[in-house]
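Below, each chain spelled out in residue letters.
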Amino acid sequence: MNVLDLIGGTPMVHLPRLHPLLYAKCEHLNPGGSVKDRLAKALVLAAESRGALKPGATLVEATAGNTGVGLALVAAARGYSLVCVMPEKMSVDKRTQLALLGARVIITPNAKPSSPDNFRRTAERLASEQGWYNTSQFDDPANVAVHSETTAVEILQQRPDVAAFVAGAGTGGTLSGVGRVLKPRGVRIVLADPKGSSYASWVQTGTPGPDAAYLVEGIGGSEPPANLHREVIDAAETVSDEESFAMARRLIREEGLLVGGSAGTNVVAALRVARSARGPVVTVLPDGWDRYRAQPWMK
Ligand code: PMP
């Protein structure tokens, strides 16, 4: 058994005080503290099996922080170096954790995908200039596949009567991967989107909405990524920063679930869905509180 074997297989908690039909999968209990450990393991193992990674290779990834922590664990276990490119809006705690894990951290401005300064464009440029391997979480189909093969299977084992699945989308891996397995079984798939993200309008109309700044980290954005599959999504719920952070604090203080802000977004949206659902509503708690303790909303 090594650290890679500790990834996934997360418990599902029942939250009856919020709603009798509400359940949440504790992705914050993965060894790196987030849902992104699943993806990190899948991206590296898929690259190895394609022969794309030489021993001692350097990985580079554009990350909001959680994929970086997951990749750092996997890189340590498999003998690779890691460079993380992060937009400056991401918390200082995440930068510190990545540096403590031995990753090199490069901070970019909070620029749109069309700008050369954008974190994804920067990672692509560094990969080609330096000969590093870009793990490409936004585009690699291994991201979606790992959620179909692990997260969705676990949900069906834990709640075979699941009626709805609700999650935010950063890369879209969680929602698309779980959605494509559960939707054909009649499960309603709902995007939880921060107010300010363009994805909710895109789900509803096919055209991304206007985007504005918001503070929740790791989900939403201005342009829907390739791994977010619109055809598996039935509806979208928009959640404000205030609602997300109030719910995250409530989950911490009243439920003892030590989670981050996007867990609040997911649970607010899942609660709305539960009010008119005919069976269990499952969501995910994507990451833990340890990476946000210096953020003003945590107080
Ligand atoms: N919450 C947080 C805090 C995240 O970092 C991420 C990933 N960026 C997500 C939710 C969404 O996960 P996914 O990339 O699978 O859409």
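Residues numbered from 1 in each chain as written. Predicted model: local features only at pLDDT ≥ 70, side-chain atom pairs only at ≥ 80, totals over all residues. Heavy atoms only, no water.

The subject of this paragraph is the packing of aromatic side chains. Summed over all chains, the structure comprises three aromatic pairs. Relative to Trp297, the ring of Tyr292 has its centre 5.8 Å away and its plane inclined at 45°; by these criteria the two rings are tilted. Each member of the pair, Tyr292 together with Trp297, is buried. An aromatic cluster of three or more residues is present, and its members are Phe245, Tyr292 and Trp297. The ring of Phe138 has Arg120 lying over it, and the distance from NZ or CZ to the ring centre is 4.2 Å. Above the face of the Tyr23 ring, Arg159 is positioned so that its terminal group lies 4.6 Å from the ring centre. (Phe/Tyr/Trp six-rings, centres within 6.5 Å; stacked < 30°, edge-to-face > 60°. Buried < 20%, exposed > 50% of the residue type's maximum accessible area, 1.4 Å probe, protein only. Lys NZ or Arg CZ within 6 Å of the ring centre and 35° of its normal.)

Within strand 4 (residues 81–87), six of the seven residues are buried, which leaves the element mostly enclosed by the surrounding structure. With five bridges joining them, strand 3 (residues 58–62) and strand 4 adopt parallel strand pairing. Within strand 4, the position partnered with Val60 by the bridge is Val83. Handedness of the crossover joining strand 3 and strand 4 through helix 2 (residues 66–78): right-handed. Where strand 4 lies against strand 5 (residues 104–108), five bridges are found, and the strand directions are parallel. Looking at strand 5, one finds that Pro87 is bridged to Thr108. Considered for its hand, the β-α-β crossover made up of strand 4, helix 3 (residues 92–100) and strand 5 is right-handed. (Helix = DSSP H or I, 4+ residues; strand = E, 2+ residues; numbered from the N terminus. Pairing = 2+ DSSP bridges. Right-handed = clockwise from strand over helix to strand, strands pointing away.)

Glancing now at the site of the ligand. The full set close to the ligand counts 15 residues, and Lys36, Gly170, Thr171, Thr174 and Ser262 are the nearest of them. Thr171 is positioned with one of its side-chain polar atoms (N or O) 2.6 Å from an oxygen atom of the ligand. Contact with the protein chains covers 96% of the free accessible surface of the ligand, which is 390 Å². Classifying every residue of the shell around the ligand gives four nonpolar, eight polar and three charged. (Near = heavy atom within 4 Å. Polar contact = N/O pair within 3.5 Å; in protein donor to acceptor, adjacent residues only side chain to side chain. Areas by Shrake-Rupley, 256 points an atom, 1.4 Å probe, with all protein chains shown as cover. Nonpolar A, V, L, I, M, F, W, Y, C, P; charged D, E, K, R; others polar.)

Considered domain by domain, the protein chain is made up of domain 1 (3–29 + 147–298) and domain 2 (37–134). Put simply, the middle of domain 1 and the middle of domain 2, counted by C-alpha atoms, are 23 Å apart. Taken residue by residue, the interface counts 27 residues in domain 1 and 18 residues in domain 2. Between domain 1 and domain 2 lies a buried interface of about 1800 Å² when both sides are counted; carbon and sulfur atoms form 50% of it. Of all residues in domain 1, the largest losses of buried area upon contact with domain 2 belong to Leu4, Ile7 and Arg291, amounting jointly to 38% of the total for that side. On inspection of domain 1 and its partner domain 2, the count reaches four salt bridges. Of the charged contacts in the structure, one is a salt bridge between Arg38 and Glu27, with a shortest N-O distance of 2.8 Å. For the pair domain 1 and domain 2, the number of links is 14 residue pairs in polar contact (both at pLDDT 80 or more). (Domains from an automatic or database assignment. Contact = heavy atoms within 4.5 Å. Buried area = accessible area lost by both parts, 1.4 Å probe. Salt bridge = Lys/Arg side-chain N within 4 Å of Asp/Glu carboxyl O.)

The next point concerns the sheet that holds strand 3. The strand order 5-4-3-6 describes an open sheet built from four strands, whose pairing is parallel. Of all strands in the sheet, those bounded by a partner on one side alone are strand 5 and strand 6 (133–134).

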